[in-house]
Amino acid sequence: MKLLVIAGFLGSGKTTLLLEVARKLAAASQKIAIIENEIGEIGIDGKYLRQEGLQVQELFGGCICCTLSVDLVSTLEKVERLFQTDLTIIEPTGLASPGDVVTAVRSYAPMVTDIMVLTLLDATRYEMLYEMLTPLLTAQIQSADIVAINKIDAVEGANIDLISKNVNQLNPQARVVSISAEKRINLEPLVMELVRELQ
Amino acid sequence: MARRETMTSEERVWAAIRLEKPDRVPIDILASAAYAQVTGMTVAEWYANTNEDKHWASIDKVWDYTGGWDLDLTSMAQGNPMVVKVGMGRAMGVRFKFPGVDLPDNYTAQAFEQEVMTLKDYDTIADIGWQRFMDEDYQFRILDITPEDAAKAMEEGAGSFFRGLDRWKKRGVVTLYPVNSSPLHPFFRFSMARSMVRFMEDLRYHPALVEKALKAATREYIEQIIPACKALGFKLSFTAEERAEGFFFPLPVFERFWWPYTQEIVDALWSEGIVTWFHLDQNWDKNIPYFKRLPRSSAILALDSTTNIFAAKKVLRGHLCLAGDVSPALMSLGKPEDVEAYCKKLIDEVGGDGGFILSTGCEMPTAVKLDNWRAMIQTGRNYEFSKR
């Protein structure tokens, strides 16, 4: 099983992107499961997605749950047992470091063969979030394979350049893309890249 | 007392807190619903249970099988689900979701973090304190209860609390139960009640408002704990924090909004001979050096396995006692030999010269394997004697 972790702070657009990727991969005959980690917010509509052939598992436990890694591994085992999926997409809580998710999976979930981490950044709130939550944002950026700067339709181009430069300094290995998931700017190429990588 | 042991649990725990080398490492367990599955109940059944003796039977079964520990945190029986609901809601300041009701049967109960406290509530708290705010208003926003329900639950909860204390005392175990209705540091309490995002925005856009409430809540926290500890004969006070650390916030935020209130709490309690037990979840690596500013032996830092306890020991050796950090993942996903190996490493490297309590990292998970629990206890009880 491959694993795609879509990380990012609360409100960064994770669910929108997740659904786009999941639908494209499902359309390409991939067996997809989604693990949604709720944290007091209304999650994605599991019933609706099941009608589209996507399996959805809720991962209860989030913002203050020290047993989250235990629950994550148990949920992955359940997904493997019930659905034998090609790819599982996990949307961790916005307060999680994807590095911790990767560590838990590598330590205790041998059924996962490959892990890719995509971190979304909210361009409209980046400066404030980076000032107030520097360590969390840094950790989310540093554990990413791809960083997507989202909501670029709502900010000046110069700001996007600054964010991009900051991301490059924090994680020179990551590929950085600028998108607007809602307005579908640069979304298709990113989704197609993920589909290619994860098939 | 086993033949090789030369100290009681009380002597052993306090030797570690005083940074002395006890006869063997003291062992601490923080567990609540973790007793369910290992004794044949679902977690949902644990929370729905109405028979206090049934809970005690589970706790006793685990105690007997594992060999028992020196310090206990929250191993209490409740005979009324409402007591648990009210107690947890008031303690954490958030709504909870419970297995069997809102969650699958064997899930851990979950804090459901939402923006319930409003911006203007900071003024109210500054004026009347957190306790009155909770009693007169806030608890009815997070709990679907009447004032009569709340009063009855608290009365029944107090009864269970004192019966539990008595049981552990007869067993010779040191207890570390919170003595006030919210064991959370005021910073953590506000973060939970406002929700993380709103609270972070408050710190940025309304810092004076937050500080005014933090000052009042800190003063009140101290004023509640000291007389309660004196009345109960407790010398340990429990404070939890998992939002202020360098995993989330940069040091300037920590220095302004957390550290001064923390120092005030520790200094006030220490002046009365009370030691603060900090339950510190998440990664505190960047914050550990600050604790060196506290008076020697005035606090214990209980780490959850996310902070590097070995590095923390290097910084705080000979200054503060550490507790931890057998992780929930290891206890539920690992094997007994893995647990044993990690406990030995902790005992050798963190406890080698004293000042260490072998403890669950955060809380014993509901999916714990009973043989892992036993491996932790047995390693703590026997490893050092086996080397002599």
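Scroll up for the structure.
The notes below deal with the structure included here. Given the structure is predicted, the values throughout are model-derived calculations rather than measurements.

1. Notes on the packing of helix α8 (residues 186–194) of chain B against helix α9 (residues 196–205) of chain B
Residue and element names in this part refer to chain B. α9 packs onto α8 with a crossing angle of 120 degrees between their chain directions and a minimal axis gap of 6 Å. By the criterion of interaxial angle, the relationship of α8 to α9 is oblique. Between α8 and α9 the crossing geometry is right-handed. Contacts from Phe187, Phe190, Ser191 and Arg194 in α8 reach Met196, Arg198, Phe199, Asp202 and Leu203 in α9. Residues that form the contact of α8 with α9 fall into these classes: 5 nonpolar, 1 polar and 3 charged.

2. Observations concerning the sheet that holds strand β7 (residues 175–178) of chain A
Residues and elements named next belong to chain A. Spatially, 7 strands are ordered β3-β2-β4-β1-β5-β6-β7 in an open sheet, and the strand pairing comes out parallel. Across the chains shown, the open sheet's two edge strands, defined by having one partner strand only, are β3 (55–59) and β7. Between one strand axis and the next, the sheet turns through 20 degrees on average, direction left out of account. The pairing of strand β1 (residues 2–8) with strand β5 (residues 114–122) spans 7 bridges and is parallel. Note that in β5 the partner of Leu4 across the bridge is Met116. Across the sheet, helix α3 (residues 68–83) is in contact with β1, β2 (32–37), β3 and β4 (87–91); its angle to β3 comes to roughly 160 degrees. Those strands touched by helix α8 (residues 187–198) are β1, β4, β5, β6 (146–150) and β7, and its axis lies near 165 degrees from that of β5.

3. Observations concerning the pattern of salt bridges
Residues and elements named next belong to chain B. A complete count under the given rule lists 39 salt bridges over all chains for this structure. A salt bridge links Glu115 to Arg194; the shortest N-O distance between them is 3.2 Å. Here the residue Glu115 occupies a position in the loop between β4 (110–112) and α6 (121–142), and Arg194 occupies one in helix α8, the gap between them amounting to 79 residues. We classify Arg194 as buried; its relative accessible area is 4%. With a shortest N-O distance of 2.7 Å, Asp348 and Lys387 are connected by a salt bridge. In this pair, Asp348 is assigned in helix α15 (residues 336–349) and Lys387 in helix α16 (residues 370–387), connecting sequence segments 39 residues apart. Residue Asp348 is classed as partly exposed on the basis of its relative accessible area, which comes to 33%. One continuous salt-bridge network, built from bridges that share partners, spans Glu5, Arg12, Asp23, Arg24, Asp70 and Arg381.

Reading the values: rules and limits
Chains are numbered independently. Their residues run from 1 in the order of the written sequence. Lettering of chains starts at A and numbering of ligands starts at 1, both following the order in which they are written. Note on the predicted model: pLDDT of at least 70 is required for a residue's local features to be given, and 80 or more for side-chain atom pairs to be given and counted; whole-chain, interface and lining totals, by contrast, use all residues. As a convention, hydrogens and water are excluded, and side-chain values are obtained from all of the structure's heavy atoms. Helix axes are fitted to C-alpha atoms over the stretch in contact, other axes to C-alpha atoms as well, and angles between N-to-C directions run from 0 to 180 degrees. The helix count covers DSSP runs of H or I at least four residues long, the strand count covers runs of E at least two residues long, and both are numbered beginning at the N terminus. For classification purposes, angles smaller than 35 degrees are called roughly parallel, those larger than 145 roughly antiparallel, those between 65 and 115 roughly perpendicular, and all remaining angles oblique. Crossing chirality is assigned from the near helix's rotation relative to the far helix, an anticlockwise turn below a right angle marking it left-handed and a clockwise turn marking it right-handed. For this analysis, residues touch if any pair of their heavy atoms sits within 4.5 Å. We call Asp, Glu, Lys and Arg charged. Ala, Val, Leu, Ile, Met, Phe, Trp, Tyr, Cys and Pro are nonpolar, and the rest, Gly among them, are polar. Between any two strands, pairing holds if DSSP finds at least two bridges. The rule for a salt bridge is simple: a side-chain nitrogen of Lys or Arg has to be within 4 Å of a carboxyl oxygen of Asp or Glu. Here the term buried applies to any residue with accessible area under 20% of the maximum for its type, exposed to any over 50%, and partly exposed to those in between, with areas from a 1.4 Å probe on protein chains only.

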